[in-house]
Amino acid sequence: MTTHADSQTYPETYYAGAYWGPRRESPEECAERAAAFLNMLATCDPLLANWNKIPKPRGRGRKTPLMPPDLPTLTEAFRRGVNREPGGPPIEHLGLTVSAYNDGTSQDHASVSMNCGSYEKHRSANVCVLSLPSKGEGAERILTASVLTKVTRSMALAWEPDWAVAMSHAHRDMNEGGDETDIWLGWVTYLSNHRGTVPPLPAPVRIEPVEDRGTLIILTPERFTVANPEHIALARRVRELLARAGLMRSEAQPTV
């Protein structure tokens, strides 16, 4: 578990992730979702506007730019991204994976991993995880409520997940108020409408609809950090209210 003292010694790092259950999709369908996501991500910040495919095996092969998104290139990337044991046949039920990195320096480095099309019976069979820079000008721009709200909205619209979150690793590791089967409540959280209705929440929490698909919950207008006891107390209270409304348990997620 991460402590407050740890957070003061090591700066908090942040990420955004979208999670959804079994959904069988073709390489073409995964590519269309990825293209939509990358295009929307590019509007969030210049640092998130240029991506190169990480080759498989990692580190081998030529640089493959993914921006602007080209559907045939992305489709082939997902087709080649099928899971398999070395030298073995494709494991189709585990879906297709494409990973990419941006053109930033070590300080402004960001990466994204997109696993789509899995129909394994697991609550988070499919995931999209975006790592974010931890320091520098890019981090100062991106690690704000407004930009991370846009990032999470982009994930919700492109991937249609059960839930999505933008939060710090330190906050996730605290596992406030839940167990490993619960979803995480972050600085910014998206809940699909099929989970239920989000109840009224205390200030300064903001609630925003995402078209007719779900709801965004933004805990604080300033950067959420585990070093701030008021932030942790607020997160606990909001999680409690959402849990009481039946929104935080994994059982609320579809299995097909």
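The structure contained in this document is the topic of the report that follows. No experiment lies behind these values; they were computed from the predicted model shown.

1. Looking at the packing of helix H2 (residues 27–42) against helix H3 (residues 71–80)
The geometry of H2 relative to H3 is characterised by a closest axis approach of 8 Å and an angle of 120 degrees between their N-to-C directions. The angle between the axes of H2 and H3 places the two elements in the oblique class. The crossing of H2 and H3 is right-handed. Only Leu 71, Leu 74, Thr 75, Phe 78 and Arg 79 of H3 make contact with H2, whose side of the interface consists of Pro 27, Glu 28, Cys 30, Ala 31, Glu 32, Ala 34 and Ala 35. Broken down by class, the residue content of the contact of H2 with H3 amounts to eight nonpolar, one polar and three charged.

2. Quick word on the packing of aromatic side chains
By the definition in use, this model includes six aromatic pairs. Ring geometry for Trp 163 against Trp 184: centres 5.8 Å apart, planes inclined by 80 degrees, an arrangement best described as edge-to-face. Taken as a pair, Trp 163 in strand E7 (residues 163–168) and Trp 184 in the loop between helix H6 (169–174) and strand E8 (188–192) lie far apart in primary sequence, 21 residues in all. Put simply, the rings of Tyr 19, Trp 163 and Trp 184 pair up and form one aromatic cluster. Here the guanidinium or amino end of Arg 24 rests over the ring plane of Tyr 119, the centre of that ring lying 4.2 Å away. Lying over the aromatic face of Trp 184, Arg 172 brings its terminal NZ or CZ to 5.8 Å of the ring centre.

3. Looking at H3
Listed in full, the buried residues belonging to H3 are Leu 74, Thr 75, Ala 77 and Phe 78. For H3, the arc enclosing every buried residue in end-on projection is 160 degrees, short of the 170-degree limit, so these residues lie on one face. Residues of H3 that are exposed and point more than 90 degrees away from the buried face comprise Pro 72 and Arg 80. The elements touched by buried residues of H3 are H2, strand E2 (51–53), strand E4 (96–102) and strand E5 (111–116).

4. Observations concerning the pattern of salt bridges
Counted according to the given criterion, the structure contains 14 salt bridges. Across the pair Arg 172 and Asp 173 runs a salt bridge, and its minimum N-O distance is 3.5 Å. Here Arg 172 falls in the partly exposed class, since its relative accessible area comes to 26%. Of the charged contacts in the structure, one is a salt bridge between Arg 244 and Glu 240, with a shortest N-O distance of 3.0 Å.

Analysis parameters
- Residues numbered from 1 in each chain as written.
- Predicted model: local features only at pLDDT ≥ 70, side-chain atom pairs only at ≥ 80, totals over all residues.
- Heavy atoms only, no water.
- Axes fitted to C-alpha atoms, helices over the stretch in contact; angles between N-to-C directions.
- Helix = DSSP H or I, 4+ residues; strand = E, 2+ residues; numbered from the N terminus.
- Parallel < 35°, antiparallel > 145°, perpendicular 65-115°, else oblique.
- Left-handed = near helix turned anticlockwise from the far one by under 90°.
- Contact = heavy atoms within 4.5 Å.
- Nonpolar A, V, L, I, M, F, W, Y, C, P; charged D, E, K, R; others polar.
- Phe/Tyr/Trp six-rings, centres within 6.5 Å; stacked < 30°, edge-to-face > 60°.
- Lys NZ or Arg CZ within 6 Å of the ring centre and 35° of its normal.
- Buried < 20%, exposed > 50% of the residue type's maximum accessible area, 1.4 Å probe, protein only.
- Arc of directions from axis to C-beta.
- Salt bridge = Lys/Arg side-chain N within 4 Å of Asp/Glu carboxyl O.

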